[in-house]
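Structural overview for review
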Amino acid sequence: MSDLNTELMTALLKNDSLDEFFREHLENAMNDLLQTELTAFLGYEKHSSEGWGTGNSRNGTYDRSFDTKYGALKLKIPRDRNGEFDQHLLPEYERRSDSLETTVIQLYRKGITTREIADLIEKMYGHHYSPATVSNIAKAVEGQTEKFHKRQVPARFAVIYCDATYLSLRRDTVAKEALHVILGITPDGKKEVLDYALYPTEAASNYEDMLIDLRQRGLKEVLLFVSDGLTGIRDALLRQFPAAEHQSCWVHICRNVCKIVRQKDRKAVLDDLKPVYSQDTAEDADKKLDEFLAKYSGRYPKLAKMFENRVSLFAFYQFPKEIRVSIYTSNLVENNNKGLKHKAKIKEQFPNEDSLERFLCEHYCEYNRKNADRTHRGFKKAEAELLAMFDEKYPLQPPADVKVA
């Protein structure tokens, strides 16, 4: 709410109309929400390549007026090409709304505190809702975060991605803390955020603790972990799932290469590095890496040291070609984190951990709902081969009372 408060103070100092101030903010917020509804319906962000070939797309907007205490809102109702999108933010025929309880619940889910909601509702609608009243209304969402962290998860995941991003949180003071996210894809291509957890800094042990909890919630078999080069993360992940493989993200590797070569050489170096992770087999990739190092390690000796340990470089080559484009980097979870941070910008900082928890839970629940019936590209063709890999890595164990000859 910091941006809103700052702009409100500026408006007061300038003697601007408060009615117009709140009308404009409400209008912008509702138009943003309408666009968010369409994005959720289509399943991809505007201009995203994920929308190619889906058979549907954005198709402009039409105007609609909606009356409030502070004046008429000029809303842009988005449309899709197939005419199937039906927005739920506004009643179909009504031109004004008094559903404050619904508004309160939506704001509460987004991580706004009960006191902030009470103040905002009073300013915008003229109704005084005490923090206690808002809290009672918002009980409809209480327990949602606890259910998310305790729910059962599927036993098998073909790929699990681990990544962290930093968000600003107020405790006694404001500081950035590391949000650890674990996202998986099942053998049939269903994506799901398994869990998230907040820690002061990113550490391999934090991911291991999260995996221990996930094992208790049903996770039993994993084929591949994908992560950045965080110190100790490979050992931490494989301690919990020794039969799994680990893949270091090649995008992170390329970024680290850029740090040790001169600006003028970066394009040429990266162009020569790309064939290393574009081969058909791990053996060919290993040879390409030798050629790359022979060409550049004399000029940049640190490159040879960077690639001394190749244990996690080529694990993705063990998997079907149809899914390699999705598993040689951790881009899938990183892009999700970028979308989260974009939404979090409106808050600037979260006033407490409960507020942040509600915001995160809403975001990840929506992500899981959106992807529940979608198959990630390549996995449909690769499913049979992935299931065979599970059978090989995790053979059925005989019951404890059966003796094996």
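Residues numbered from 1 in each chain as written. Predicted model: local features only at pLDDT ≥ 70, side-chain atom pairs only at ≥ 80, totals over all residues. Heavy atoms only, no water.

Take the overall build of the protein chain next. From N to C terminus, the protein chain includes 16 helices and seven strands. For the protein chain, the accessible area works out to roughly 22000 Å², and carbon and sulfur atoms hold 50% of it. (Helix = DSSP H or I, 4+ residues; strand = E, 2+ residues; numbered from the N terminus. Areas by Shrake-Rupley, 256 points an atom, 1.4 Å probe, with all protein chains shown as cover.)

Below, the discussion takes up the packing of aromatic side chains. In this structure the tally under the stated criterion is 14 aromatic pairs. Their ring planes at 25° and their centres at 6.2 Å tell us that Trp 250 and Phe 314 sit as a pair that is stacked. Within this pair, whereas Trp 250 is found in helix H9 (residues 250-259), its partner Phe 314 is found in the loop between helix H12 (301-306) and helix H13 (321-327), the two being separated by 64 residues in sequence. Here Phe 390 and Tyr 394 contribute two aromatic rings whose centre-to-centre distance is 6.4 Å and whose plane-to-plane angle is 35°, an arrangement assigned as tilted. An identical accessibility class is assigned to Phe 390 and Tyr 394; each is buried. Members of the aromatic cluster, connected to one another through ring pairs, are Trp 250, Tyr 277, Phe 292, Tyr 296, Phe 307, Phe 314, Phe 316, Tyr 317 and Tyr 328. Above the ring of Phe 148, the side-chain terminus of Arg 151 is found at 4.2 Å from the ring centroid. Here the guanidinium or amino end of Arg 215 rests over the ring plane of Phe 241, the centre of that ring lying 5.0 Å away. (Phe/Tyr/Trp six-rings, centres within 6.5 Å; stacked < 30°, edge-to-face > 60°. Buried < 20%, exposed > 50% of the residue type's maximum accessible area, 1.4 Å probe, protein only. Lys NZ or Arg CZ within 6 Å of the ring centre and 35° of its normal.)

Two elements in contact, helix H7 (residues 204-216) and helix H8 (residues 233-240), have axes separated by 8 Å at closest approach and are oriented at 15°. Compared by their axis directions, H7 and H8 come out roughly parallel. Crossing of H7 against H8: the hand is right-handed. From H7, Ala 204, Tyr 207, Glu 208, Leu 211, Ile 212 and Arg 215 reach across to H8, where they touch Ile 233, Ala 236, Leu 237, Arg 239 and Gln 240. Each residue belonging to the contact of H7 with H8 can be placed in one class, and the counts come to seven nonpolar, one polar and three charged. (Axes fitted to C-alpha atoms, helices over the stretch in contact; angles between N-to-C directions. Parallel < 35°, antiparallel > 145°, perpendicular 65-115°, else oblique. Left-handed = near helix turned anticlockwise from the far one by under 90°. Contact = heavy atoms within 4.5 Å. Nonpolar A, V, L, I, M, F, W, Y, C, P; charged D, E, K, R; others polar.)

On to the environment of Leu 183. By the secondary structure assignment, Leu 183 is in strand E4 (residues 174-185). Residues Leu 183 and Val 333 lie 150 residues apart in sequence; the distance between their C-alpha atoms is 6.5 Å. If near-sequence neighbours (up to four positions away) are discounted, Leu 183 is found in contact with Val 159, Ile 160, Tyr 161, Glu 192, Val 193, Leu 194, Leu 332, Val 333 and Tyr 367.

Further remarks concern H7. Here H7 spans 19 Å end to end across 13 residues, near enough to the 18 Å set by a 1.5 Å rise per residue. Turning to H7, its buried residues number three or more, namely Ala 204, Asn 206, Tyr 207, Glu 208, Met 210, Leu 211 and Leu 214. The inward-facing, buried residues of H7 abut strand E3 (156-170), E4, strand E5 (191-199), strand E6 (221-227) and H8. Positive backbone phi, at 120°, marks Gly 218, one or two positions downstream of H7. (Expected span 1.5 Å × (residues − 1).)

Where H9 contacts helix H10 (residues 266-273), the two axes come as close as 10 Å, and the packing angle between them is 145°. When you trace H9 past H10, the crossing you get is right-handed. Across from Trp 250, Cys 254, Val 257 and Cys 258 in H9, the residues of H10 making contact are Arg 266, Val 269, Leu 270 and Leu 273. Across the contact of H9 with H10, the residue classes tally to seven nonpolar, no polar and one charged.

Attention now moves to the side chain of Gln 247. Assignment of secondary structure puts Gln 247 in strand E7 (residues 245-248). Contact partners of Gln 247, with chain neighbours within four places excluded, come to Leu 224, Phe 225, Val 226, Ser 227, Ser 312, Leu 313, Phe 314, Ala 315, Phe 316, Ile 327 and Tyr 328.

Among the nonpolar cores identified, the biggest contains 81 residues, and Leu 219, Phe 225, Trp 250, Phe 292 and Phe 307 are the most heavily contacted of them. The element that contributes the greatest number of residues to this core is E3, accounting for nine residues. With residues near it in sequence (within four places) discarded, Phe 225 still touches Ile 160, Cys 162, Leu 211, Leu 237, Leu 238, Phe 241, Ala 244, Glu 245, His 246 and Gln 247. Core analysis: the next-biggest nonpolar cluster, separate from the first, contains seven residues, Leu 26, Met 30, Phe 66 and Ile 77 among them. (Core = buried A, V, L, I, M, F, W, Y, C linked by side-chain atoms within 4.5 Å.)

Taken as a whole and assessed by the stated rule, the structure comprises 21 salt bridges. A salt bridge links Asp 265 to Lys 264; the shortest N-O distance between them is 3.3 Å. When its relative accessible area of 10% is taken as the criterion, Asp 265 is described as buried. Note that Asp 280 and Lys 321 form a salt bridge whose closest N and O atoms lie 3.8 Å from each other. Highlighted residues: Asp 280 in the loop between H10 and helix H11 (282-296) and Lys 321 in helix H13, separated in sequence by 41 residues. Owing to a relative accessible area of 54%, Lys 321 belongs among the exposed residues under this scheme. (Salt bridge = Lys/Arg side-chain N within 4 Å of Asp/Glu carboxyl O.)

The analysis is restricted to geometry; functional conclusions fall outside its scope.
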